[in-house]
There are 2 protein chains.
Amino acid sequence: MTATSGPLVRGARNPGSQGALRHLNQERLFEFLLANGPSTQAELARGTGLSTATVSNIVRDMAAKGVVATSPVNSSGRRALLVRLTDTGDIAVGVDFGRRHVRIVLATLGYDVLAEESIVLPLGYDVSESLTAASELLDRMLEAGGFERQSVLAVGVGIPGPIDRRTGTVLQGAILPEWVGVNLRELEDAFRFPVMVDNDANLGALGEVTWGENRGVRNLMFVKIGSGIGAGLILNGQPYYGYLGITGELGHTPVAEHGIICRCGNRGCLETVASTTVMIESLSRGAEKPIGTADIVRHGLARDPATLRIVGDAGSAIGQAIANIANIINPEIVLIGGPLAGLGDALLDPIQHGILQNALPAIGETTTLRMSSLGDRAESLGAAALVIQSSLAGHD
Amino acid sequence: MTATSGPLVRGARNPGSQGALRHLNQERLFEFLLANGPSTQAELARGTGLSTATVSNIVRDMAAKGVVATSPVNSSGRRALLVRLTDTGDIAVGVDFGRRHVRIVLATLGYDVLAEESIVLPLGYDVSESLTAASELLDRMLEAGGFERQSVLAVGVGIPGPIDRRTGTVLQGAILPEWVGVNLRELEDAFRFPVMVDNDANLGALGEVTWGENRGVRNLMFVKIGSGIGAGLILNGQPYYGYLGITGELGHTPVAEHGIICRCGNRGCLETVASTTVMIESLSRGAEKPIGTADIVRHGLARDPATLRIVGDAGSAIGQAIANIANIINPEIVLIGGPLAGLGDALLDPIQHGILQNALPAIGETTTLRMSSLGDRAESLGAAALVIQSSLAGHD
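Residues numbered from 1 in each chain as written. Chains lettered and ligands numbered in written order. Predicted model: local features only at pLDDT ≥ 70, side-chain atom pairs only at ≥ 80, totals over all residues. Heavy atoms only, no water.

Draft legend 1. Spotlight on the environment of Arg263 of chain B. All names here are of chain B. With respect to the helices and strands, the residue Arg263 is situated in the loop between strand E13 (238-239) and helix H7 (271-274). A C-alpha to C-alpha distance of 7.8 Å links Arg263 and Gly173, two positions 90 residues apart in sequence. Sequence-distant contacts of Arg263, that is, excluding residues within four places in its chain, are made with Gly173, Ala174, Ile175, Gly228, His252 and Glu271. Engagement of the side chain of Arg263 in a polar contact is seen with the side chain of Glu271, the distance being 2.9 Å. (Helix = DSSP H or I, 4+ residues; strand = E, 2+ residues; numbered from the N terminus. Contact = heavy atoms within 4.5 Å. Polar contact = N/O pair within 3.5 Å; in protein donor to acceptor, adjacent residues only side chain to side chain.)

Draft legend 2. Up close: the sheet that holds strand E1 (residues 39-40) of chain A. Residue and element names in this part refer to chain A. The strand order across the open sheet formed by three strands is E1-E3-E2, and the pairing between neighbours is antiparallel. Whereas interior strands pair on both sides, the edge strands pair on one side only; in this sheet they are E1 and strand E2 (68-75). Here E2 pairs with strand E3 (residues 78-85) via eight bridges, running antiparallel. Looking at E3, one finds that Ser75 is bridged to Arg78. (Pairing = 2+ DSSP bridges.)

Draft legend 3. Representation of the relation of the copies chain A and chain B in the model. Note on the copies: chain A fits chain B at an RMSD of 0.0 Å, the axial shift is 0.0 Å, and the rotation between them is 180°. What the rotation and shift describe, once combined, is the action of a two-fold rotation axis. Taken together, the interface assignments show that 100% of the residues at the interface of chain A recur at the interface of chain B, consistent with an identical surface on both copies. (Least-squares fit on C-alpha atoms with pLDDT ≥ 70 in both.)

Draft legend 4. Main features of unusual backbone geometry. Although it is not a glycine, Tyr111 of chain A sits at a positive phi angle of roughly 65°. Mapped onto the fold, Tyr111 of chain A is located in the loop between strand E5 (101-107) and strand E6 (113-120).

Draft legend 5. Main features of helix H6 (residues 200-211) of chain A. All names here are of chain A. Taking 1.5 Å of rise per residue, twelve residues should cover 16 Å, and H6 covers 16 Å from first to last C-alpha, within 8% of that figure. The buried fraction of H6 is high, at twelve of twelve residues. Burial in H6 covers these residues: Asp200, Ala201, Asn202, Leu203, Gly204, Ala205, Leu206, Gly207, Glu208, Val209, Thr210 and Trp211. Structurally, the start of H6 carries an N-cap: the backbone nitrogen of Ala201 is 2.8 Å from a side-chain oxygen of Asn199. (Expected span 1.5 Å × (residues − 1). Buried < 20%, exposed > 50% of the residue type's maximum accessible area, 1.4 Å probe, protein only.)

Draft legend 6. The UniProt feature "domain: HTH marR-type" (unreviewed entry) in chain A, seen in detail. Those residues carrying the UniProt feature "domain: HTH marR-type" (unreviewed entry) are residues 28-78 of chain A in this numbering. In residues 28-78 of chain A, helix accounts for 59% and strand for 22%; the two terminal C-alpha atoms are 25 Å from one another. (UniProt positions renumbered as here; feature names shortened; annotations may be inferred.)

This is the structure:
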């Protein structure tokens with residue numbers, strides 16, 4: 001959303017005024033590593049269009065200069081050389097605001113995590129207090145690690161609500177109504193750093209394809225099931241934002257024809273039958289005290305029949321909504337994230353059932369459904385990845 | 001799907017082994033013009049990342065060599081210089097197979113249409129006979145125009161069914177079951193040219209963003225309403241194919257909870273309530289003889305109440321399905337194509353109503369809904385654009 005300072009990309013950025021092609025190709029590799037994280041030489045060749053011989057020469061040069069480091073790995077059963085950027089001293093900060101927490105991660109441009117912490121926020125927290133708490137946590141983390149403020153490139157912030165990318169403002173539809181209207185400037189005032197803001201599900205998707213075991217997947221949908229249900233999309237290898245930035249509003253797919261009214265004004269939306277809020281409400285009836293998402297996970301794993309029924313019904317509705325979208329965007333992988341991820345197959349099985357029952361057979365049978373590989377770290381790692389990748393000059 | 005012959009891009013294609021940067025930048029402009037069609041200098045600068053001064057210099061050079069031609073135009077109310085590739089003598093062929101017709105267009109790499117013809121096919125036609133008819137039509141068109149067979153780069157073929165891009169094979173789900181299993185080799189044998197194959201709705205979308213008044217739109221959904229209902233997607237400025245190539249299956253969005261069984265095996269799919277087949281069936285009851293899509297358009301324009309009711313119900317269901325997808329991919333423009341496009345507002349109004357009632361307000365209010373600007377030419381022009389754009393070396 002905003003350009004960042006820092007001498008991130010060496011040399012002038014105007015391709016019309018540069019010297020040799022070799023330099024241009026070096027830069028291309030450098031940018032690819034920034035954008036995609038540690039990559040094998042074969043991935044570098046595919047991703048840049050350079051020949052493997054050229055890649056191998058440039059990597060040798062860059063390694064000699066200390067710009068990259070290499071290590072042997074196995075890739076699809078073959079031995080390969082993994083190339084990563086070495087530490088430039090620059091720090092990318094990722095911040096994820098949830099309904100009850102804020103989580104912060106500090107990372108290098110080489111995608112190494114330097115520090116990671118989270119704190120619990122009171123339910124229905126005040127936004128400006130939570131911003132202060134997050135900013136203080138960040139300051140403590142920087143101090144504890146002995147990092148200079150100047151080495152921070154920017155702070156990536158994930159917020160559970162739709163973001164208008166034209167203005168960087170949180171729109172109507174955020175899980176916590178207090179977030180609505182918050183804009184980039186307020187966030188920058190709170191953190192006293194340049195800020196980039198994005199929706200939390202978008203960042204979860206980005207985290208998964210840059211840090212997780214789904215690294216490099218080109219068409220992926222990350223579905224976050226919480227008090228809202230949102231999806232982040234990676235399409236053709238890139239985070240997808242559409243026309244205005246309001247994408248992945250999976251929670252507002254109508255699934256119950258004569259259902260109850262949703263906070264969006266429509267009726268029978270997926271969120272009215274499958275959000276964690278609805279599940280908690282159903283399962284708290286008759287209970288001594290209201291339960292939380294951790295209880296749902298615990299009871300589900302203990303195979304409590306009422307919990308399995310509620311989770312099953314919700315999962316099957318979620319699967320139906322995913323199927324509708326999979327019929328259109330044909331993702332390779334659908335990942336499930338959010339506080340119920342610990343349920344494992346008790347949640348995945350009904351979702352899979354809903355997908356198979358509603359998707360075209362060719363889509364249902366070839367779409368891989370899995371739990372998030374990063375758990376509750378996906379969004380904050382994605383927020384750091386946003387900073388790393390957007391640090392590229394000329395990137396918006 | 002297949003690389004094509006022809007000395008399309010000058011010079012070696014290995015960017016690691018080339019000489020000067022100027023040559024690289026010229027090639028970049030050339031490729032951009034191939035991929036996007038006639039463009040203003042400002043669009044060229046934005047699209048290539050080159051400075052406007054560099055673009056202007058290169059364009060002057062290329063115009064002096066006769067590679068491009070320029071003409072003044074108005075762009076957003078300002079005067080601008082439109083740049084187009086001049087005729088290289090190469091020909092791209094676009095073929096669109098419909099349920100009742102085949103349409104063929106011949107075009108230059110500069111997106112000039114050289115010839116365009118269509119013939120009617122018998123209802124329920126035999127695929128191999130239709131391929132022979134199309135191939136003979138193409139031969140006649142080449143002969144009539146005095147074009148050598150060697151100048152044909154490739155034939156782009158649009159087929160009304162999902163295509164598995166791994167194998168170039170038509171999958172289950174095609175409107176005409178006889179198409180299922182047809183593959184690239186059979187098409188190449190019929191045409192005796194290299195062939196690229198794609199779904200007709202995908203090609204409609206591509207046609208619209210390269211030839212139509214929606215040229216250059218980066219996020220667009222082209223919805224083709226026929227005996228099937230399919231959508232073609234342009235996302236982030238590129239045709240979108242997903243994991244396997246089976247995208248935009250809008251007709252299989254469930255819209256009627258206890259609806260009738262669809263040919264896909266599911267129930268209550270959009271196609272079971274809103275395809276032209278279903279409309280024709282409803283409106284033919286009690287009529288002296290079965291009506292056709294042209295009758296629906298004629299009666300609708302004459303404001304026949306039964307026709308308006310049937311079109312209205314179908315449109316509103318289509319709008320609901322579009323809203324579900326718009327909530328996820330946030331398109332800038334949704335275009336309606338297919339044989340009912342002549343209905344104009346009689347069809348657009350109920351679709352718009354369905355979108356507004358089911359999409360998030362921020363999405364419903366900002367998504368532009370329009371009829372296709374190219375009418376029944378969209379798919380064949382898109383097929384030719386596929387050839388033009390895929391002629392780029394290294395493109396798949």
